[in-house]
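# Chain and residue survey
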Amino acid sequence: MPGIVLITGASGLIGRPLCRQLQDGGYTVHALSRSENDERDGIKFFQWDPEKGIIDRNCIHDAVAVIHLAGEAITAKPWTKAQKQKIIKSRTESIKLVYKLIRNNSSSRVKTIISASGVGYYGHRGDELLTEQSRPGNDFLAQTCIAWENAVNEGETLGLRVVKLRTGVVLSSCGGALPQLAKPVKLGIGAALGSGKQWMPWIHIEDAVQMYIHVLKNEQCKGTYNMAAPSPVRNKELVTAVARRLKKPLWLPSVPVLFLQILLGEMKAVVLNSTNTSSEKISFSGFKYNFSSLDDALKDIYG
Ligand SMILES: NC(=O)c1ccc[n+]([C@@H]2O[C@H](COP(=O)([O-])OP(=O)(O)OC[C@H]3O[C@@H](n4cnc5c(N)ncnc54)[C@H](OP(=O)(O)O)[C@@H]3O)[C@@H](O)[C@H]2O)c1
């Protein structure tokens, strides 16, 4: 039955449409934000500062579920040691703060925690088909996801139902990776990255939002799920499909790995890691994708 859902990172790419869909479904949305503390579009904002350990204790009042999306953007700044710490801690210390609040509130009604994670969990894995049981990788993205999921798993000690969604590239015209990928294509200088053979799990923003609502409503959903369409594509197929949809030619050779190494350093993993994820577990739970084919997803996004 709908109730109050507390969302961290509600102002982000996934959070904004998720809040709207939850409200349309009869839920009341409370949100934790570092900057907003008012009411907007029917969402009540509460302030927190996870870095300083500050949180408005009223945010949890009467909430039945928490959706944890907050986190420093992965590619916002170069991966210095300090920035890497920020990327991890903004995901781990933040959820620990929410758990502390729940633990110290004997009348807490929170039953469920749903958290984002990333397909970066698996690292670079060639053509291997990756299920939720597959072992993790060992690069920085994998270490981030492991620490993030471990912190979220602490919810089990509070008796919560814990769900983690290992998210692929979310396709939306409003932000995220797609506009970045489309920019050079629009300028006529689009090209595959590296060998172009790396698998890139993707998901249409609408399906991403619906998957959060699916696992929220279905109490049998527990543990980890890959959040990507049933048809991951290789990087070259993705770039080609975007160029086709934008009616732009692709004539340049692939961008060499060495160039990406010089340009991005360790962050090259974001575009070069190959992750061929399985969507069997979430489909088996009854989730139906609206966009299973990349062409349909891009057609919807670009019109
Ligand atoms: N979009 C994707 O393709 C994708 C893929 C894989 C995983 N994910 C993960 O899914 C989650 C949601 O994704 P998204 O694309 O909606 O993210 P997003 O647009 O970057 O938004 C994340 C939100 O987190 C909050 N935030 C940012 N930096 C923070 C910090 N240092 N400390 C605490 N909060 C901070 C911000 O809210 P306030 O400014 O209001 O505090 C922001 O709106 C993220 O954790 C992301 O890593 C996304």
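Each chain has its residues counted from 1, running along the sequence as written. Restriction of local features to residues with pLDDT of at least 70 applies here, the model being predicted, together with a cutoff of 80 or more for giving and counting side-chain atom pairs; totals for whole chains, interfaces and linings are based on all residues. The basis for every side-chain value is the complete set of heavy atoms in the structure, and neither hydrogens nor water enter the calculation.

To keep things clear, this is the line we draw: UniProt positions are given in the numbering used here, feature names are shortened, and annotations may be inferred rather than shown by experiment.
Under the annotation held in an unreviewed UniProt entry, the protein carries the name TIGR01777 family protein and is attributed to Pararcticibacter amylolyticus. Looking at the protein in UniProt, the text filed under Sequence similarities (unreviewed entry) is "Belongs to the NAD(P)-dependent epimerase/dehydratase family. SDR39U1 subfamily."

### Quick look at the nonpolar core
This is how the line gets drawn: Here the nonpolar core consists of buried residues drawn from Ala, Val, Leu, Ile, Met, Phe, Trp, Tyr and Cys, with membership extended through side-chain atoms lying within 4.5 Å. Buried means the residue's accessible area, taken with a 1.4 Å probe over protein chains only, is under 20% of the maximum for its type, while exposed means over 50%, and partly exposed covers the values in between. Each helix corresponds to a stretch of at least 4 residues labelled H or I by DSSP, and each strand to a stretch of at least 2 residues labelled E; elements are numbered beginning at the N terminus. Between two residues, a contact is recorded if the distance between any of their heavy atoms is within 4.5 Å.
In terms of nonpolar packing, the biggest core is built from 63 residues, with Ile 7, Leu 22 and Tyr 212 touching the most fellow members. Of the residues forming this core, the biggest block, eight residues, is contributed by helix α5 (residues 205–217). Those residues in contact with Leu 22, other than ones at most four positions away along the chain, are Val 5, Ile 7, Tyr 27, Val 29, Ile 67, Ile 213 and Leu 216. Membership of the second largest hydrophobic core comes to 19 residues, among which are Leu 171, Leu 178, Met 200 and Val 239.

### Looking at the site of the ligand
What counts, and what does not: Near is defined per residue: the residue qualifies when any heavy atom it owns lies within 4 Å of the molecule or strand. For this analysis, a polar contact is any N or O atom pair within 3.5 Å, provided that within protein one partner can donate a hydrogen and the other can accept it, and provided that sequence-adjacent residues contribute only side-chain to side-chain pairs. Each accessible area is a Shrake-Rupley result for a 1.4 Å probe, and residues are judged covered by the shown protein chains and nothing else. Classification convention: Asp, Glu, Lys, Arg as charged; Ala, Val, Leu, Ile, Met, Phe, Trp, Tyr, Cys, Pro as nonpolar; all other residues, Gly among them, as polar.
Near the ligand lie 20 residues; those nearest to it are Ser 11, Leu 13, Ile 14, Ser 33 and Arg 91. Here Arg 34 contributes a side-chain N or O atom positioned 2.9 Å from an oxygen atom of the ligand. In this structure, an oxygen atom belonging to the ligand sits 2.9 Å away from a main-chain N or O atom of Val 170. Contact with the protein chains removes 82% of the 890 Å² of surface that the ligand exposes when unbound. Of all the secondary structure elements, the ones that give two or more residues to the shell around the ligand are α2 (81–103), β7 (112–118) and β10 (169–171). Counted by class, the shell around the ligand contains eight nonpolar, nine polar and three charged residues.

### A few points about a nonpolar patch on the surface
Where we set the bar: The patch calculation keeps residues exceeding 30% relative accessible area without a salt bridge and links them within 9 Å when they carry like charges or within 5 Å when they are nonpolar (Val, Leu, Ile, Met, Phe, Trp, Tyr). When a carboxyl oxygen of Asp or Glu is within 4 Å of a side-chain nitrogen of Lys or Arg, the pair counts as a salt bridge.
There is a patch of nonpolar side chains on the surface, built from Leu 187, Ile 189, Trp 251 and Leu 252 and spanning about 450 Å² of accessible area. Here Leu 252 is to be found in the loop between α6 (235–245) and α7 (257–264).

### With respect to the pattern of salt bridges
Within this structure, the stated rule accounts for ten salt bridges. Here Arg 40 and Asp 41 are joined by a salt bridge, their closest N and O atoms 3.4 Å apart. Note on Arg 40: relative accessible area 35%, which makes it partly exposed. Under the relative-accessibility criterion, Asp 41 is labelled exposed at 61%.

### Re the UniProt feature "domain: NAD-dependent epimerase/dehydratase" (unreviewed entry) in the protein
Here the UniProt feature "domain: NAD-dependent epimerase/dehydratase" (unreviewed entry) sits at residues 5–228. Structurally, residues 5–228 comprises 31% helix and 25% strand, and the distance from its first C-alpha atom to its last is 24 Å.

### Things to note about the UniProt feature "domain: DUF1731" (unreviewed entry) in the protein
In this numbering, the UniProt entry assigns the feature "domain: DUF1731" (unreviewed entry) to residues 255–301. This span, residues 255–301, is 53% helix and 4% strand, and a straight line between its end C-alpha atoms measures 26 Å.

### Some points on the environment of Ser 107
Among the structural elements, Ser 107 can be located in the loop between α2 and β7. Accessibility expressed as a relative area gives 54% for Ser 107, which makes it exposed. C-alpha separation for the pair Ser 107 and Pro 256, spaced 149 residues apart in sequence, amounts to 57 Å. Only 2.9 Å separates the side chain of Ser 107 from the side chain of Asn 105, close enough to count as a polar contact.

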